[in-house]
Amino acid sequence: MVATLKNYRQRDTEMAANTENTAEKRRKAAVPDYHEQEIELGRETVGHVRCEEPFMVAENVNVHYGDNHAIRDVTLEIGKKEVVALIGPSGCGKSTFLRCLNRMNDSIESARVTGSITLDGADIYSKEQDPVALRARVGMVFQKPNPFPKSIYDNVAYGPRIHGLASDRAELDTIVHSSLERAGLLKEVKDRLDEPGTSLSGGQQQRLCIARTIAVNPEVILMDEPCSALDPIATARIEDLMDELCEDYAIVIVTHSMQQAARVSRRVAYFHLGYLVEVDDTDKVFTNPQHKLTEDYITGRIG
Amino acid sequence: MTEKVTTLQKVEAGLARRHRKELIFKTTGMIATGIGVLFLAVFFYTLLIKGSSAFQQSYLLLDIEFSADVIAPGGQLDLEYADYDGIVRAALRKELPEVTDRSERRQLYRLVSVGAAYQVQDAIAAQPELLGETRAIWVPASANVDMLVKGNIDAAIDEELRTLSDQQIGWIERLDEAGRLDLKFNAALFSHGDSREPELAGIKGAMMGSFFMLIVTIALSFPIGVAAAIYLEEFAPRNRWSDLVEVNINNLAAVPSIVFGLLGLAVFINWMGLPRSAPLVGGLVLTLLTLPVIIIASRASIKAVPPSIREAALGLGASRMQVVFHHVLPLAMPGMLTGAIIGMSRALGESAPLLMIGMIAFIVDVPGSFADPSTALPVQIYLWADSPERAFAERTSAAIIVLLAFLLLMNLTAVIIRRRMERKW
Ligand SMILES: Nc1ncnc2c1ncn2[C@@H]1O[C@H](COP(=O)(O)OP(=O)(O)OP(=O)(O)O)[C@@H](O)[C@H]1O
Ligand SMILES: [Mg+2]
């Protein structure tokens with residue numbers, strides 16, 4: 001695992017250099033019209049949508065926002081203790097798909113989700129499934145850090161409190177401390193737990209949000225571009241954190257950084273205009289993409 | 001390169017015009033603000049000039065003899081029906097012994113307020129041991145004396161044209177020289193209900209009426225308004241019905257207040273049989289009036305809570321109720337309270353709907369409960385402004401000052417609450 005990661009990191013630098021070189025060329029080449037291609041390219045996902053130990057399974061998922069068909073017939077399995085990265089150009093439906101996995105789309109009135117998504121074999125869209133219980137099992141970290149305007153302590157303690165995870169104050173303290181510790185934030189904030197969470201820096205806020213999510217001890221963590229507002233140091237911290245977390249949790253991460261996808265994920269899913277174009281092991285997708293669209297995207301010709 | 005220069009030149013060419021426009025706009029704004037401030041200053045100045053004298057009142061110092069013959073004929077204390085007027089008159093005669101003629105004496109008695117007799121009665125009721133003693137007591141002078149003292153009656157004009165005769169003015173001057181006449185703080189203004197005699201008229205009845213009404217209004221309109229706002233913002237589906245409700249609420253806020261009075265008359269008094277002129281009914285009517293204001297303000301402050309906070313809570317597995325009560329409501333509360341206080345100050349200043357439900361009656365007693373007949377401050381102002389007596393004019397202004405003071409206090413509270421509770425996110 002460590003070895004492969006190192007490989008990816010090495011390749012990152014190469015890729016970055018590559019991008020520089022091709023930048024000129026790309027500018028001159030006419031941008032292909034992918035809306036046209038959409039029709040001719042087959043809609044079968046290439047690669048392997050299945051995995052060995054599936055934990056969350058999405059089958060033929062379609063999402064409509066009113067008349068806008070945002071997700072088209074997506075089938076994807078997410079394994080236990082696996083990091084899956086969702087990549088693709090802006091507006092292709094990554095966030096939409098991610099939000100389906102913990103039913104955050106329920107609160108969008110125009111959104112309509114069809115198909116089936118199961119968590120550990122149970123349909124999460126069935127009538128018996130309470131979205132509250134589901135979200136306790138499938139946590140979410142948002143693109144923009146969004147701590148509550150409460151103290152750092154209360155931010156982390158909120159989830160355990162509403163779910164009744166701690167029987168007394170001491171137990172709650174333990175949960176808060178260990179969550180902050182695992183999010184790599186404890187050292188920085190342990191003397192100022194009473195200060196408002198909004199007084200932290202952006203990167204610290206994002207780690208606070210991660211601490212808040214893992215305090216509930218979910219089984220799956222969804223992350224929607226968690227590092228988009230962060231500097232490289234904070235990003236590296238959060239990536240290290242993901243490496244750690246994936247020993248216990250399944251993680252689905254949306255990212256616009258191919259380097260990040262390469263560094264943290266085991267499998268990569270490439271979305272395009274609502275279609276899931278290609279899914280495969282990370283190194284395979286980045287070294288030998290099967291689909292032309294995927295290749296164009298990772299070589300920087302789309303996006 | 002050349003292009004850059006031309007851009008700069010173009011910008012510079014237009015700069016002078018832009019600055020001129022800015023200057024014109026700024027001056028116009030300053031003039032507009034100045035006019036507004038000027039009007040406000042004139043308004044407050046005249047109000048204070050006219051009204052401030054009402055906070056003082058002329059009193060006469062009389063040696064009251066609590067004569068046992070009058071108060072306790074036959075050894076039996078007769079608090080209820082004793083001739084207190086007689087006691088006051090006797091004291092007045094003692095002050096000016098040379099007045100012996102019957103009709104002159106009648107003129108003399110006019111110098112003292114009928115309230116003096118009540119004061120004597122109250123004194124003996126509070127301290128029965130005064131029986132048989134003589135005490136110097138400050139009793140209210142009549143409104144005419146008061147007006148003369150305050151310079152509202154001109155002694156120089158023809159005797160026929162003023163309410164005091166030359167003789168009466170002479171007596172008043174003599175009393176004044178003897179140190180028997182003085183201006184003192186007008187406690188009656190704050191401790192009495194309404195009265196036909198200006199010197200005895202006070203705003204306590206109206207203030208209590210307004211107070212009871214506001215209690216009813218805030219107790220009903222705040223919880224109902226906030227609950228409605230929460231439901232409409234957070235739970236109600238967006239469809240034609242909720243649009244209809246929204247449009248209607250916004251319309252209600254613009255309905256003339258007298259219409260709410262008519263509604264209150266028809267529903268609360270005629271149909272539900274609630275008592276006429278009662279603060280309870282007034283409060284209900286004002287609730288109808290302030291409800292739309294509170295709903296609109298509350299919805300605006302709920303809308304202002306960033307959606308990311310809601311998503312964060314939902315993402316952690318909070319139910320919609322928990323999202324609302326743990327996160328949205330605390331953040332929206334300052335705005336809601338501000339809206340409520342602004343609604344309340346509007347309710348406090350409202351008079352038209354109260355006329356419809358009979359709160360304009362002449363009521364002397366200070367109301368002690370929600371069902372007692374009473375008036376309200378703005379209605380009292382209306383009543384006094386309508387009175388012909390000169391002395392009611394200054395009381396009208398004084399009542400307006402008191403009302404404005406309350407409004408100022410409430411709006412200040414709103415500002416303080418907003419400052420205190422405002423949180424950044
Ligand atoms: N709340 C919404 N209401 C209506 N349409 C929406 C909503 N959210 C997203 N969409 C539409 O769904 C499509 C997919 O959006 P989505 O946010 O999933 O894209 P994305 O892949 O996350 O893009 P980005 O990388 O820019 O975040 C877009 O066409 C967008 O316009
Ligand atoms: Mg997105």
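Predicted, not measured: the structure shown is a model, and the values here were computed from it. (Residues numbered from 1 in each chain as written. Chains lettered and ligands numbered in written order. Predicted model: local features only at pLDDT ≥ 70, side-chain atom pairs only at ≥ 80, totals over all residues. Heavy atoms only, no water.)

## As for the overall build of chain A
For clarity, the threshold we go by: By the criteria applied, helices consist of DSSP H or I runs no shorter than four residues and strands consist of E runs no shorter than two, each listed in order from the N terminus. Relative accessibility decides the category of a residue: with a 1.4 Å probe and only protein chains considered, values under 20% of the type maximum give buried, values over 50% give exposed, and everything between is partly exposed. Residue contacts follow a heavy-atom distance rule, with two residues in contact if any of their heavy atoms lie within 4.5 Å.
Scanning chain A for helices and strands turns up 12 helices and 11 strands. By the burial criterion, 53% of the 303 residues in chain A qualify as buried. Long-range pairs, those at least 24 residues apart, make up 69% of the contacts in chain A with a sequence separation of at least 6.

## Description of the site of ligand 1
All names here are of chain A. For the record, the criterion: Think of it this way: one heavy atom of a residue within 4 Å of a molecule or strand is enough to make that residue near it. In protein, a polar contact means a hydrogen-donor-capable atom and an acceptor-capable atom, both N or O and within 3.5 Å, with residues adjacent in sequence counting only if both atoms are side-chain atoms; elsewhere, any N or O pair within 3.5 Å suffices. Per-residue and other accessible areas follow the Shrake-Rupley method at a 1.4 Å probe size, with only the shown protein chains counted as cover for residues.
Lining the immediate surroundings of ligand 1 are 13 residues, of which Ser90, Lys94, Ser95, Thr96 and His256 lie closest. A distance of 3.4 Å separates an oxygen atom of ligand 1 from a polar atom in the side chain of Asn68. In this structure, Gly93 approaches ligand 1 through a main-chain N or O atom, which is 3.0 Å from an oxygen atom. Summarising the interface, the protein chains cover 63% of the accessible area of ligand 1, which totals 620 Å² for the free molecule. Among the secondary structure elements, those contributing two or more residues to the shell around ligand 1 are strand 3 (68-79) and helix 3 (94-100). The element that contributes the greatest number of residues to the shell around ligand 1 is helix 3, accounting for 3 residues.

## Considering the environment of Ala85(A)
All names here are of chain A. Mapped onto the elements of the fold, Ala85 is located in strand 4 (residues 83-87). Since its relative accessible area comes to 0%, Ala85 is described here as buried. A sequence separation of 176 residues divides Ala85 from Ala261, and the C-alpha atoms of the two residues are 5.8 Å apart.

## Focus on the domain arrangement of chain B
Residue and element names in this part refer to chain B. This is how it is decided: For the purposes of this description, domain bounds are those given by an automatic or database domain assignment. The term buried area means the drop in 1.4 Å probe accessible area that two parts suffer when joined, counted for both and summed. Should a side-chain nitrogen of Lys or Arg be within 4 Å of a carboxyl oxygen of Asp or Glu, the pair is scored as a salt bridge. Each residue gets one label: Ala, Val, Leu, Ile, Met, Phe, Trp, Tyr, Cys and Pro are nonpolar, Asp, Glu, Lys and Arg are charged, and the others, such as Gly, are polar.
In terms of domain boundaries, chain B breaks down into domain 1 (57-184) and domain 2 (204-421). In this structure, domain 1 and domain 2 have C-alpha centres spaced 46 Å apart. Between domain 1 and domain 2, the residue contacts involve 6 residues of the former and 4 residues of the latter. The three residues of domain 1 that bury the most area against domain 2 are Met147, Lys150 and Asn152, which together make up 74% of that side's buried surface. Among the ionic pairs, Glu394 bridges to Lys150, the shortest N-O distance being 2.8 Å. Here domain 1 is connected to domain 2 by 2 residue pairs in polar contact (both at pLDDT 80 or more). If you tally residues by element for the side of domain 1 that touches domain 2, the top one is helix 6 (residues 143-149), at 3 residues. For the side of domain 1 that touches domain 2, a count of residues per class yields 2 nonpolar, 2 polar and 2 charged.

## Observations regarding helix 12 (residues 279-303) of chain B
Just so we agree on the cut-off: Working rule for helices: expected span equals 1.5 Å times residues minus one.
Here helix 12 of chain B contains 25 residues, and its C-alpha end-to-end distance of 34 Å stays within 8% of the 36 Å for a straight helix at 1.5 Å per residue. With 18 of its 25 residues buried, helix 12 of chain B lies for the most part within the structure.

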